[in-house]
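Summary of the model geometry
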Amino acid sequence: MARKTPEVPAASLADIAFMLLIFFLVTTTMDVDSGLERRLPQWQEQQPEDDQQIKERNVFVVLVNRNNDLLVEGEITRIDDLREKAKEFMLNPNNEDNLPEKEPMEVPFFGQVNVTKGVISLRNDLDTKYGTYIAVQNELVGAINELREDLAKSKFGKSYADLERDQQKAIKMIIPSRISEAEPKKAK
Amino acid sequence: MSKFRKSGGKELPPISTASLPDIVFMLLFFFMVSTTMREVTLLVKIKLPSATELSKLEKKSLVSYIYVGEPKKEFQKVFGVAPRIQLNDQWANVGDIQDYIIAEREARDEADQKLMITSLKIDENTKMGIVTDIKQELRKSAALHINYSSRRK
């Protein structure tokens, strides 16, 4: 009688397929959408007049012109130096007169803390390049993130991202992220 | 009838295809999971700016996109090279943004509506004038949570 030939073993097919799967998983980069996260201010029907006068020492003015040059607090600055300047402004370590005032505040975990009243004001020209604008925003956000990170490290010994939610909230109270964007001047 | 006469007369059995479906299914799953469905075809050229302080867009379903950039080569004859706005698959003007945001909002659950994020994918050589206009429109339609899409530096 004719003997049946044994079937081709299919057991290893699974291994081959798995190998393909792993190969694809390792080699493809799944591009995750990421970017600078910001919140826009609420829309107001009539533009508010500047009734709440902010003292000049409390405002960190960043101007970007149409040639993508930066004017920070009246000085021409390179983008690389912006982060340090912003950090110094927000901290005011030596309580200098030309840097923002501080206001005592009760913060959980920290107790009585002097919180800066500083506001960063960013104004750009209509012809400013978007890339420059993002670079400036990035430095400003980076300055605040670094300050928060430093404070988290020194107080809790942990990275800001690893803190509990209310600890993060406390740090946010001490180092607020107040970046205001003035509308560019329309008149031309 | 000796041991060495196997090959005579017998046909080769067909290769088993029982596991083929498994493989195909696996490929299918792989593509389903790994690829993000590109719902729109880009009509504009976009080279994103680079930044370091990035945060990820976690829930894709809550994100609506606005694209701004120079029209691609094939459209330049019609639209020129000035940066233009693209919403979904079509060209748009600044005035269309409010309607777009409202339509996007209607498409989501009520619980998700306040978690929505607008991702701005804007070419880095665009002038700020158009970007500012878009931001004003977003403020008017109360889509305040935005994300300036950028590459890691």
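The following paragraphs examine the structure supplied in this document. (Residues numbered from 1 in each chain as written. Chains lettered and ligands numbered in written order. Predicted model: local features only at pLDDT ≥ 70, side-chain atom pairs only at ≥ 80, totals over all residues.)

A few words now on the overall build of chain A. Tallying secondary structure elements over chain A gives four helices and eight strands in all. The helix and strand sequence of chain A, counted from the amino end, reads α-β-β-β-β-α-β-β-β-α-α-β. Counting only residues that meet the buried cut, chain A has 21% of its 188 residues in that class. Sequence separation of at least 24 residues holds for 65% of the intrachain contacts in chain A that already meet a minimum separation of 6. (Helix = DSSP H or I, 4+ residues; strand = E, 2+ residues; numbered from the N terminus. Buried ≥ 20, exposed ≤ 12 C-beta atoms within 10 Å, placed from the backbone. Contact = placed C-beta atoms within 7 Å.)

For the rest of this paragraph, the subject is the overall build of chain B. The secondary structure content of chain B amounts to four helices and nine strands. Overall, chain B shows an N-to-C arrangement of helices and strands of α-β-β-β-β-α-β-β-α-β-α-β-β. Taken over 153 residues, chain B has a buried fraction of 24%. Contacts in chain B between residues at least 24 apart in sequence constitute 78% of all its contacts with a sequence separation of at least 6.

Two quantities define a packed helix pair, namely the angle between the helix axes and the distance between the axes. All names here are of chain A. The contact between helix H3 (residues 130–156) and helix H4 (residues 165–174) brings their axes to 10 Å, and the two run at 125°. One way to sum up the angle between H3 and H4 is to call them oblique. The two elements H3 and H4 cross, and the hand of that crossing is right-handed. For the pair H3 and H4, contact is made by Arg148, Leu151, Ala152 and Phe156 and by Gln167, Ile171 and Ile174, respectively. (Axes fitted to C-alpha atoms, helices over the stretch in contact; angles between N-to-C directions. Parallel < 35°, antiparallel > 145°, perpendicular 65-115°, else oblique. Left-handed = near helix turned anticlockwise from the far one by under 90°.)

A few words now on H3 of chain A. With 27 residues, H3 of chain A should cover 39 Å at 1.5 Å per step; its first-to-last C-alpha distance of 38 Å lies within 8% of that length. Remark: Gly157 of chain A follows H3 of chain A within two positions and exhibits a positive phi of approximately 70°. (Expected span 1.5 Å × (residues − 1).)

Turning our eyes to something else, we now look at the nonpolar core. Generally speaking, nonpolar side chains in soluble globular proteins are found buried as a group. Ala86 and Val136 of chain A together with Ile66 of chain B are the most contacted members of the largest nonpolar core, which totals 46 residues. Among the elements that make up this core, the one with the highest residue count is H3 of chain A (11 residues). Setting aside anything within four residues of it in sequence, one finds Ala86 of chain A in contact with Phe60, Ile120, Glu139, Leu140 and Ala143 of chain A. (Core = buried A, V, L, I, M, F, W, Y, C linked by C-beta atoms within 7 Å.)

All names here are of chain A. Pairing is mixed across the open sheet formed by five strands, whose spatial order is S4-S3-S2-S7-S8. The two strands at the open ends of the sheet, each matched to only one other strand, are strand S4 (75–77) and strand S8 (179–182). Strand-to-strand twist in this sheet, taken as the mean axis angle between neighbours without regard to direction, amounts to 25°. The sheet contact formed by strand S3 (residues 70–72) and S4 spans three bridges and is antiparallel. Within S4, the position partnered with Leu70 by the bridge is Thr77. (Pairing = 2+ DSSP bridges.)

All names here are of chain B. Taking every second residue as pointing to the same face, both faces of strand S5 (residues 84–87) are buried, with Arg84 and Gln86 on one and Ile85 and Leu87 on the other. Examined bridge by bridge, strand S4 (residues 63–71) and S5 share three bridges and lie antiparallel to one another. Counted as the bridge partner of Tyr67 is Gln86 from S5. Direction of pairing for S5 relative to strand S6 (residues 90–92): antiparallel, over a ladder of three bridges. Residue Ile85 lies in a different strand from S6, and its bridge partner there is Ala92.

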